[in-house]
Amino acid sequence: QVQLVESGGGLVQAGGSLKLSCAASGIIFRHNTMGWYRQTPGKQRELVATITSGGSRNTADSVSGRFTISRDNTKNTVYLQMNSLKPEDTAVYYCNRRSEIGGMEDWGEGTLVTVSS
């Protein structure tokens, strides 16, 4: 059974930093592209950043230069370092995995990030 468990969300002031973690189980982690997405009420879920098994990154323009995705294949964990946070970064952040062999996809339950002004 695939499990993606996010942690690290919370309340932070504008300009602050948070680091999200997503621990994966039930998959061969190194065979997956891992990603972070976010969603606010009434809006579609949007891409934040992804990282392939080979370490190639794709980052949304809205967070480029402030957020960094990374992965540790020895710990089956993907991270999202978020710096210079803005109120508009407030959202539920979801971890995603997409298999590079077969395309199966799973989501975590999300972790809330709230940035106060």
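Residues numbered from 1 in each chain as written. Predicted model: local features only at pLDDT ≥ 70, side-chain atom pairs only at ≥ 80, totals over all residues. Heavy atoms only, no water.

Right, let's talk about the pattern of salt bridges for a bit. Applying the stated criterion across every chain, the model contains four salt bridges. The shortest N-O distance in the salt bridge between Arg38 and Asp89 comes to 3.0 Å. One end of the pair, Arg38, is in strand 4 (residues 32-39); the other, Asp89, is in the loop between strand 8 (77-82) and strand 9 (91-99), and 51 residues separate them in sequence. Overall, Asp89 belongs to the buried group, its relative accessible area being 1%. Here Arg66 ties to Asp89 by a salt bridge, and the two come within 2.7 Å at their closest N and O atoms. You can see Arg66 sitting in the loop between strand 6 (57-59) and strand 7 (67-72) and its partner Asp89 sitting in the loop between strand 8 and strand 9, a full 23 residues away along the chain. Assigned by exposure class, Arg66 and Asp89 land together as buried. (Salt bridge = Lys/Arg side-chain N within 4 Å of Asp/Glu carboxyl O. Helix = DSSP H or I, 4+ residues; strand = E, 2+ residues; numbered from the N terminus. Buried < 20%, exposed > 50% of the residue type's maximum accessible area, 1.4 Å probe, protein only.)

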